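Architecture at a glance
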Protein chains: 6
Amino acid sequence: MKRLLITGAAGGLGSVMRTRLAHLADTLRLSDMSDMGEAAANEEIVQCDLGDAQAVEALVEGCDGIVHFGGKSTEGPWSVINNANIQGVMNLYEAARKHGMPRILFASSNHAIGFYPQSQVIDNTVYPRPDGLYGISKVFGEAVANAYHDKFGQETAIVRIGSSFPEPANHRMLSTWLSYDDFVRMIERIFDVPKLGCPIIYGASANSASFWDNSKVDWLGWRPQDNSEQFRAQIDATTPKPAPDAADVLYQGGLFCTDGIHSED
Amino acid sequence: MKRLLITGAAGGLGSVMRTRLAHLADTLRLSDMSDMGEAAANEEIVQCDLGDAQAVEALVEGCDGIVHFGGKSTEGPWSVINNANIQGVMNLYEAARKHGMPRILFASSNHAIGFYPQSQVIDNTVYPRPDGLYGISKVFGEAVANAYHDKFGQETAIVRIGSSFPEPANHRMLSTWLSYDDFVRMIERIFDVPKLGCPIIYGASANSASFWDNSKVDWLGWRPQDNSEQFRAQIDATTPKPAPDAADVLYQGGLFCTDGIHSED
Amino acid sequence: MKRLLITGAAGGLGSVMRTRLAHLADTLRLSDMSDMGEAAANEEIVQCDLGDAQAVEALVEGCDGIVHFGGKSTEGPWSVINNANIQGVMNLYEAARKHGMPRILFASSNHAIGFYPQSQVIDNTVYPRPDGLYGISKVFGEAVANAYHDKFGQETAIVRIGSSFPEPANHRMLSTWLSYDDFVRMIERIFDVPKLGCPIIYGASANSASFWDNSKVDWLGWRPQDNSEQFRAQIDATTPKPAPDAADVLYQGGLFCTDGIHSED
Amino acid sequence: MKRLLITGAAGGLGSVMRTRLAHLADTLRLSDMSDMGEAAANEEIVQCDLGDAQAVEALVEGCDGIVHFGGKSTEGPWSVINNANIQGVMNLYEAARKHGMPRILFASSNHAIGFYPQSQVIDNTVYPRPDGLYGISKVFGEAVANAYHDKFGQETAIVRIGSSFPEPANHRMLSTWLSYDDFVRMIERIFDVPKLGCPIIYGASANSASFWDNSKVDWLGWRPQDNSEQFRAQIDATTPKPAPDAADVLYQGGLFCTDGIHSED
Amino acid sequence: MKRLLITGAAGGLGSVMRTRLAHLADTLRLSDMSDMGEAAANEEIVQCDLGDAQAVEALVEGCDGIVHFGGKSTEGPWSVINNANIQGVMNLYEAARKHGMPRILFASSNHAIGFYPQSQVIDNTVYPRPDGLYGISKVFGEAVANAYHDKFGQETAIVRIGSSFPEPANHRMLSTWLSYDDFVRMIERIFDVPKLGCPIIYGASANSASFWDNSKVDWLGWRPQDNSEQFRAQIDATTPKPAPDAADVLYQGGLFCTDGIHSED
Amino acid sequence: MKRLLITGAAGGLGSVMRTRLAHLADTLRLSDMSDMGEAAANEEIVQCDLGDAQAVEALVEGCDGIVHFGGKSTEGPWSVINNANIQGVMNLYEAARKHGMPRILFASSNHAIGFYPQSQVIDNTVYPRPDGLYGISKVFGEAVANAYHDKFGQETAIVRIGSSFPEPANHRMLSTWLSYDDFVRMIERIFDVPKLGCPIIYGASANSASFWDNSKVDWLGWRPQDNSEQFRAQIDATTPKPAPDAADVLYQGGLFCTDGIHSED
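Per an unreviewed UniProt entry, chain A carries the name dTDP-glucose 4,6-dehydratase and comes from Tropicibacter naphthalenivorans. For chain A, the Sequence similarities (unreviewed entry) comment in UniProt is given as "Belongs to the NAD(P)-dependent epimerase/dehydratase family."

What follows is the structure, given as structure tokens:
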């Protein structure tokens, strides 16, 4: 690719991928509302509120690929979710539609299906069960991606990210952990495959205790290679064992499922 | 019920159901942005913009059932859809959560799954395939209904309405028509059944040419009794036969599937 | 048939079927532990404890069909269930194996799958979910029937009877009611079909509010013709509406699901 | 339609449909190897060996619809099956491809799936299980229809005909009977529906004892109205009850399943 | 755990696990009807007939985990199966219900599904197909485990053990072998996972020729690491190749499927 | 085996397997229409046109295993396909039926299901979707294999071969490649397993980007060990990236899907 846009580049995942995805394009265009520091030689830095349609259109123009980490990435008040994840996604897809429909990786979330029980292994055909406003906004984003694909041919990889951190940090993440290496390998496949369509991919490593089944996207050629199991002893030693009726044990979305509606403040 | 709220009461379906549902409650509370005429003896009339959270909260308070026809009921510019069907639904469910969680009938739409082909019979477990901004907003509404059910116990009947008119008006409606009588019978069951949960129901009569399978909600006890087939000869005689590659023939959502994004005006 | 055995002939269903099934055989052999009154011209009356292997063998000999209503037909102490429904069924199948393997109708029960929720429509392939000792004994009986079919060729119709009474008596029975007429028609098919095998049949009329799907045994040619819906108004008028969290509303097995273990007495 | 071709017009079904389908087109073109008698006013009669590619091309030219009953319609020596049902079908589809691709009804047969047991209800997605050379040739024909649809857009209704006679004649036909009225109604729908595609339809009336499930083609709008059950008493009275291990009882294809390979003669 | 009960501790598996599971609890309580030798420092030895309710209650009291290998572990006369596997299981679950509901591993068996053909890969949702009295008793035990879970919250891991021996001993065991190491790893997960519920787990190593699919319990985090394939050459060299119609080749339950009913003696 | 017949022994795969399968039998009988060179010590060479029934019968007699690579192995004119793959297969199975029914490996092809999209992972239960005359002939061959199994007990492994070459040669083959080593291992299992039946096996290595799911034949014990992924960089470097709407990218059958009907010449 000539220019790959990474939104949310100042965030946790975004700042990691800023370095890890540099090989995918001549230029990385990075955007966020927050400060992203200095631009490297191959980088363009654009501060941008995703809720601002005109700014997003300028941001997208000239890119031939988009990794969309931007927006609110956890539960929050409706006004924040609404601006960043509802209006923001609509702005992004409208901008893409007007500017050559670059392939998009949409960072959806396990919270789009968070109310499925951890004892049920689900694949990518299940009906959504969001676990809060954040999850609802991700179902919305998936719906936009699908409609723009069916209607206009816009390609999107919908990645329902589990827990992408250097290491799993608690019991539930032994099921949901996505290593950076595995995520990079997935992104390489997403932008390399001749035809992508609009598949849903669970973003998790090859964890023994997984409750997600990616077999319907085997054709993509992505095979995660890391396994959270190597961290189990460490987690057992450093974190208390959760109660059997804790949300973190019952539901795929974990504690989000018992979180209330966040008040506007 | 003591008080049943019907939103969108000045609309096509709303004005019909205003008379047809009177027996379900002591009082009908009717709301719309448009004029609803005089209140009958058993009616309360409340003009209300669904995008106004405070107004919606006042509207919902004191009701023990809600038939939510309100909002934009066809494709439109994003700002209109957003206010009425995104913000409006969020306002409705927040109001319900704060005021005793009255049972809700949420008027979803076939356009939430409009891109499925007419040659595929689908049931209520399929992943959404919305056919435009309107359909996307209905997927959003379904997600809100589901999350509020899983999280707070709010009950909703999600009804994916086909084409509810006195008679089917074209070839596609021979598959999607929902007679008023069948719809009334369905609504009676929805508010009568001791436990509702959050089921998805396809809103169509017992049409021979149906592409929707309601067998997974048989437990509800609703069996439609009308069949659009009685109108086939009339439609053959009065409307031109559609081309085999017309959107109205290919997709369950019909012409919505080839409609573009509506510009703001 | 020359001789049809009806066990449990003094019980509720047994005494009804004693008259309703007379046309199926030259002679009806009737058995029960209780008094069965006078034998009619075409009847043989045999008092018999199903837990007595020798008595059961004598009972079965010479019969070319068996309708097995006998045993404990509701929850009870383990010793009673064990004698009548565990030992009793084993005795019956051993007797049948030794005496020509007459075709058997085994009266299983909805309580073999009683913990499935009423909001889930199930067919005859689901794994059992018994709701108590009685239900467990019915799963046992189904297992015996299946093993004797796979192993020895013994044919059995496993009928998971819902609620077979003159009329449905409460809300749940609107889903589970089996009219006597429909049951007789089913039994006629069971003993008429050239090859029966060992199918599972849900014993319910064509109730609108059914949560059972018999489509996998359509080949049997039984189509129930009654519908409990005709009794809904009467039940609404005469019984209190159950609470949404009542076991009678939540589970297919109804109140059995919250019944405890019965003490021996 | 202007001109509807019926092949096999001198055969059992063909001669019936010659009169029953006259209303579907201005002209019926009838073909067979055998004598078809006098042409009526609206008829064209063409004697033709389906194994003769040039003759078939001439036969098809100028038709805008084809009901393909022609070919060997029962088990036979390979050379006969091969000429009529392998070479014949290839000739027909090549002719159609070259002459405007008129919509085709391909008379497939239950013998394409004849080895499925009668105790298994199958729908139209199952893998074929032909019961002899005739059944194999029907699988071949279905494959041709599918490939010509996927590749060239040729539309075909693949009808797996059960037993289309005035009345069912034995026990198995109580499951497989297709009344002429129901067949005519099906054919009307096949040539009326704006887009047909290449669906598989089981050709059977609404028989209580059916082992075929047409629900996946509900969208076609065909609902059979006859039921063989009205003939059960008559068949019980006039035909011996088959043994439980007779092929006519075990397999959907009945006696074809135990028929050997017919020798060339 | 403080105290883990292993029943059947004198049996084949029991005596192996007596040493292999010592690390799971401060104290192992061991029970059997047979002699279990001397108690080690961390062991308590209790001779006990599972058919004796009072003895079982005393046995269970004070344990916070149970590995239930006890009972008759192969085909036998009904009186023996009945006492050990019917009455014995009922006693165990009643004792557990009265004494804090310690988590249970119930050693079910492949003979609960023994009549499924080896050419069919099955998962844990299939309906049981027991292959004899022993298999029937295991279906009974699974039913008890399920009912006590649904009704009282009792947690059980139902393990359908294949063939747990040091090495596979014949051709069929190449499919069903469960290495001791893999079994120990499974048991560790069963007693470690915060919430267990009542899952069914096929007890087999990662054998290439498996006919069991454990993917629905992936969430448990157990991944077997041994593979019987390493023993194939040895088995080919030392055992005769079975005939293609041998029960050991046809059925998952092997020779049990052709074993008759054992006489009482 | 004493004598293993390999048909098509002069072809690409045949000539490779001529050396790779020598260990499976005392004698290899090799046949082809083309020159096969000198016979080695353990070889018998028979030139034979598969369309000649008598010659095929002589060829098959005395063999206790058949690897059927013979026939036309790519798209061609109907007369060629018909002779080699229709008449040829019929001749082979008739010969086998008359001469002891030796176990057969039938080289079917991915072109029997070539019109399934590459983005759909399919297993071996799907209905065929052939992509041309060659694919149609393979569906025919599969039908013959199935009918001869159901009817006469003839065992066949239907192998839908992907792309069996030393290395994958283009992008699509990264999904469909079958290494020679994996193929040999599969063939060893096919002729070693005590009971084969008539399974369908996708012939592909353990490629990351596979769109075929062989899990339903896990019981066979074949686990491919090679993975085309090792060749991805090489293919990326040496072949142009295909367009997203190229048949080679859209369909499992690749370019066959857009190939026309080959004219007779």
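1. Examining the packing of helix H1 (residues 12–20) of chain B against helix H6 (residues 180–192) of chain B
Residues and elements named next belong to chain B. Interaxial distance between H1 and H6 falls to 11 Å at its minimum, and their mutual angle equals 65 degrees. As H1 packs across H6, the resulting crossing turns out to be right-handed. Of H6, the residues touching H1 (which contributes Leu13, Val16, Met17 and Arg20) are Tyr180, Asp181, Phe183, Val184 and Ile187. Along the lines of polarity and charge, the residues of the contact of H1 with H6 split into seven nonpolar, no polar and two charged.

2. What to know about helix H1 (residues 12–20) of chain A
Among all positions in H1(A), only Leu13(A), Gly14(A), Val16(A), Met17(A) and Arg18(A) are buried. Each element contacted by the buried residues of H1(A) is listed here: strand E1 (3–7), strand E2 (27–32), strand E3 (43–47), strand E6 (156–161) and helix H6 (180–192) of chain A.

3. So, the interface of chain D and chain C
Each partner contributes to the interface: chain D provides 18 residues, whereas chain C provides 12 residues. Taken together, both faces of the contact between chain D and chain C bury some 1,100 Å²; the carbon and sulfur share is 55%. Sorting the residues of chain D by area buried against chain C places Val121(D), Ser208(D) and Lys241(D) first, and these three jointly supply 36% of that buried surface. Between Asp192(C) and Arg232(D) there is a salt bridge, with the nearest N and O atoms lying 4.0 Å from each other.

4. Here we look at H6(B)
The end-to-end C-alpha distance of H6(B), which contains 13 residues, comes to 18 Å, matching closely the 18 Å that a straight helix rising 1.5 Å per residue would cover. For H6(B), the set of buried residues is Tyr180(B), Asp182(B), Phe183(B), Val184(B), Met186(B), Ile187(B), Arg189(B), Ile190(B) and Phe191(B).

5. A few points about the UniProt feature "domain: NAD-dependent epimerase/dehydratase" (unreviewed entry) in chain A
Under the present numbering, the feature "domain: NAD-dependent epimerase/dehydratase" (unreviewed entry) in UniProt falls on residues 5–165 of chain A. End C-alpha to end C-alpha, residues 5–165 of chain A measures 21 Å, and it is 36% helix and 19% strand.

6. Some words on the packing of aromatic side chains
Overall, the coordinates contain 57 aromatic pairs over all chains when judged by the stated rule. Taken together, a centroid distance of 5.0 Å and an interplanar angle of 70 degrees make the contact between Phe115(B) and Tyr251(B) edge-to-face. Here Phe115(B) is found in the loop between strand E5 (103–109) and helix H4 (133–152), whereas its partner Tyr251(B) is found in the segment after helix H8 (247–250), with 136 residues between them in sequence. What makes Phe115(B) buried here is its relative accessible area of 3%. Among the residues examined, Tyr251(B) registers a relative accessible area of 24% and is labelled partly exposed. Ring pairs connect the aromatic residues Trp78(A), Phe140(A), Trp78(B) and Phe140(B), which therefore count as one cluster. Above the face of the Tyr116(A) ring, Arg129(A) is positioned so that its terminal group lies 5.2 Å from the ring centre.

7. Description of the interface of chain D and chain F
The interface is formed by 35 residues belonging to chain D together with 35 residues belonging to chain F. Of the roughly 2,800 Å² buried where chain D meets chain F, counting both sides, 67% is carbon and sulfur surface. Along the contact surface separating chain D from chain F lie two salt bridges. Asp150(F) is the salt-bridge partner of Arg129(D), the closest N and O atoms lying 2.7 Å from each other. Scanning the region where chain D abuts chain F turns up 14 residue pairs in polar contact (both at pLDDT 80 or more).

8. Thoughts on unusual backbone geometry
Residues and elements named next belong to chain B. In this structure, Met101 is a non-glycine residue whose phi angle is positive, near 50 degrees. Relative to the helices and strands, Met101 is located in the loop between helix H3 (78–98) and E5. Residue classification places Met101 among the partly exposed residues on the basis of a relative accessible area of 29%.

9. So, the relation of the copies chain D and chain C
It takes a turn of 120 degrees to lay chain D on chain C, together with a shift of 0.0 Å along the axis; the resulting RMSD is 0.0 Å. Overall, the copies show the geometry of a three-fold rotation axis. Minimal C-alpha distance to the rotation axis in chain D is attained by Ser215(D), lying at 6.5 Å.

10. Regarding the relation of the copies chain D and chain F
Taken as rigid bodies, chain D and chain F are interconverted by a rotation of 180 degrees and an axial shift of 0.0 Å, the fit giving an RMSD of 0.0 Å. Both copies are brought into coincidence by an operation consistent with a two-fold rotation axis. Most of the interface of chain D is mirrored in chain F, where 100% of its interface residues again form contacts.

11. Digging into the pattern of salt bridges
With the rule as written, the count across this model stands at 97 salt bridges over all chains. Measuring nitrogen to oxygen at the nearest pair gives 3.7 Å for the salt bridge that ties Arg185(A) to Asp226(A). Pair noted here: Arg185(A) is in helix H6 and Asp226(A) is in the loop between strand E7 (200–203) and helix H7 (232–238), with a separation of 41 residues, a long-range link. Taking relative accessible area as the criterion, Arg185(A) reaches 26% and is therefore assigned partly exposed. The salt bridge partner of Arg20(C) is Asp181(C), with a shortest N-O separation of 2.4 Å. Note that Arg20(C) is positioned in helix H1 (residues 12–20) and Asp181(C) in helix H6 (residues 180–192), a separation of 161 residues in sequence.

12. As for the sheet that holds strand E4 (residues 65–68) of chain E
All names here are of chain E. The strand order across the open sheet formed by seven strands is E3-E2-E1-E4-E5-E6-E7, and the pairing between neighbours is parallel. The open sheet is flanked by strand E3 (43–47) and strand E7 (200–203), the only strands paired with a single partner. Strand after strand, the sheet turns through a mean of 20 degrees between neighbouring axes, direction not considered. Summarising the sheet, strand E1 (residues 3–7) and strand E2 (residues 27–32) pair through five bridges and their orientation is parallel. In the sheet register, Ile6 faces E2, and the bridge partner there is Leu30. Docked against the sheet, helix H2 (residues 53–60) engages E1, E2, E3 and E4, running at close to 165 degrees with respect to E2.

Conventions and cut-offs
Residues numbered from 1 in each chain as written. Chains lettered and ligands numbered in written order. Predicted model: local features only at pLDDT ≥ 70, side-chain atom pairs only at ≥ 80, totals over all residues. Heavy atoms only, no water. UniProt positions renumbered as here; feature names shortened; annotations may be inferred. Axes fitted to C-alpha atoms, helices over the stretch in contact; angles between N-to-C directions. Helix = DSSP H or I, 4+ residues; strand = E, 2+ residues; numbered from the N terminus. Left-handed = near helix turned anticlockwise from the far one by under 90°. Contact = heavy atoms within 4.5 Å. Nonpolar A, V, L, I, M, F, W, Y, C, P; charged D, E, K, R; others polar. Buried < 20%, exposed > 50% of the residue type's maximum accessible area, 1.4 Å probe, protein only. Buried area = accessible area lost by both parts, 1.4 Å probe. Salt bridge = Lys/Arg side-chain N within 4 Å of Asp/Glu carboxyl O. Expected span 1.5 Å × (residues − 1). Phe/Tyr/Trp six-rings, centres within 6.5 Å; stacked < 30°, edge-to-face > 60°. Lys NZ or Arg CZ within 6 Å of the ring centre and 35° of its normal. Polar contact = N/O pair within 3.5 Å; in protein donor to acceptor, adjacent residues only side chain to side chain. Least-squares fit on C-alpha atoms with pLDDT ≥ 70 in both. Pairing = 2+ DSSP bridges.

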